[in-house]
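Structural features, examined
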Amino acid sequence: MYKNMLFVLISLFFASSAFAAETPDKKGILLVSFGTSMPEATGAIEALTRATEEAFPDVPVRIAYTSNIIRRKLKREQNISIPTPAEALAALNDEGFTHVAVQPMHIIPGEEYDEVKGVVDAFASIQGKYGFQRLLIGRPFLSNAEDCAVMAGILKRRFEGRTGKTVVLMGHGTPHMANAMYSELQLAISRAAGEGKIVLGTVEAGPSFDDVLATLKKARGKRLVLAPFMIVAGDHANNDLADPDDPESWLSRFKKEGYTVETDLVGLGQYPEIAKLFVNHVAELLKQVR
Ligand code: CO
């Protein structure tokens, strides 16, 4: 009996070591951004990538962009090739990665996030040599009330020095139901920084410019600081928010309403506290990718 057990254990040991020798675990991180074609704005994506590389020096870090328009523009104008999430996962598979953590840089779990999740779910369903042993996607920056409270604290500290001024943040906005996250965040910001100190709007959904203006009119302050609430201070920040020559930009419209306006065009990706938060999300995910 004892002899039999020993035999089973020994054969199990050899079987598992033989298997391990054939397919050693290889862990990788895939970061996913919407992307930007503005060279001066890529710093925000690079900052989050570098923070991840520094936090996990033993795990290779790759990047993919979700915007095909941006990927094609980069290829055409700067000869830079950035893969889609699907291309990046196929390449990681081909290079022998067995365990991959996919961490999007998205702020809310909207349409873009859903699309990345769709790709990850599809790859995760592949059995055999074209699949991974473990493939998971991480959470975006804001997916619950606690995330909003953490973000509100970061924003409060970031703009604390702007006394006597109202900070107007421009988020992206989406018809997706995840747009509700902006209202949840505004609630958390008002709790953390006080009512009317930091007002959040979006370019493409609500709260709109008019909603923000209505909120500002309730307060007496006439001095504003405009800043993007986006990872990258790219096209939307430079054009829709702060283009002085575009009468439709928020800058022009607030000026027309009699406000004194200054701009602070730094993408969230370049806040050190955001990089730290991002690395925490990756760490949380990596713990499960095993
Ligand atoms: Co957009």
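Right, let's walk through the structure included here.

Conventions and cut-offs
- Residues numbered from 1 in each chain as written.
- Predicted model: local features only at pLDDT ≥ 70, side-chain atom pairs only at ≥ 80, totals over all residues.
- Heavy atoms only, no water.
- Core = buried A, V, L, I, M, F, W, Y, C linked by side-chain atoms within 4.5 Å.
- Buried < 20%, exposed > 50% of the residue type's maximum accessible area, 1.4 Å probe, protein only.
- Helix = DSSP H or I, 4+ residues; strand = E, 2+ residues; numbered from the N terminus.
- Domains from an automatic or database assignment.
- Contact = heavy atoms within 4.5 Å.
- Salt bridge = Lys/Arg side-chain N within 4 Å of Asp/Glu carboxyl O.
- Pairing = 2+ DSSP bridges.
- Axes fitted to C-alpha atoms, helices over the stretch in contact; angles between N-to-C directions.

**Looking at the nonpolar core**
Ranked by internal contacts, the top residues of the largest apolar core, which has 53 residues, are Phe-141, Leu-142, Leu-155, Leu-169, Leu-185 and Phe-229. Counting residues per element, this core draws most heavily on helix α11 (residues 272-288), at eight residues. Each of domain 1 (21-140 + 272-288) and domain 2 (145-230 + 233-266) accounts for three or more of the residues forming this core. In this view, Leu-142 contacts Ile-107, Ile-108, Pro-109, Asp-147, Cys-148, Met-151, Met-181, Leu-185 and Phe-229; residues no more than four positions away in its chain are not counted. Counting 17 residues, the second largest nonpolar core, distinct from the first, contains Met-170, Leu-213, Leu-226 and Tyr-259.

**Some words on the pattern of salt bridges**
With the rule as written, the count across this model stands at twelve salt bridges. Between Arg-139 and Asp-147 there is a salt bridge whose closest N-O contact spans 2.7 Å. Since its relative accessible area comes to 10%, Asp-147 is described here as buried. The partner of Glu-262 in a salt bridge is Arg-162, and the shortest N-O contact between them spans 2.8 Å. You can see Glu-262 sitting in strand β8 (residues 260-263) and its partner Arg-162 sitting in the loop between α6 (145-158) and β5 (166-171), a full 100 residues away along the chain. With a relative accessible area of 23%, Arg-162 lands in the partly exposed category. Overlapping salt bridges bring together Arg-158, Arg-162, Lys-165, Glu-262 and Asp-264 as one network.

**Description of the sheet that holds strand β4 (residues 134-137)**
Pairing within the open sheet is parallel, and its four strands lie in the order β2-β1-β3-β4. Edge positions in the sheet fall to β2 (61-65) and β4, since each has one partner strand and no second. Across the sheet, the mean angle separating the axes of adjacent strands is 20° when strand polarity is ignored. Here four bridges tie strand β3 (residues 99-104) to β4, and the two strands are oriented parallel to one another. By the bridge assignment, Ala-101 is partnered in β4 with Leu-136. Most of the contacts of α11 go to β3, to which it runs at about 150°, and overall it touches β1 (27-33), β3 and β4.

**Section: unusual backbone geometry**
Across the chain, the bulk of peptide bonds are trans and the bulk of non-glycine residues have phi less than zero. Across the junction of Gly-206 and Pro-207, the peptide omega takes the value -5°, indicating a cis bond. Relative to the helices and strands, Pro-207 is located in the loop between β6 (198-202) and α8 (209-218). Although it is not a glycine, Asn-79 sits at a positive phi angle of roughly 50°. Mapped onto the fold, Asn-79 is located in the loop between α3 (68-78) and α4 (85-94). The exposure class assigned to Asn-79 is exposed, which follows from its relative accessible area of 57%.

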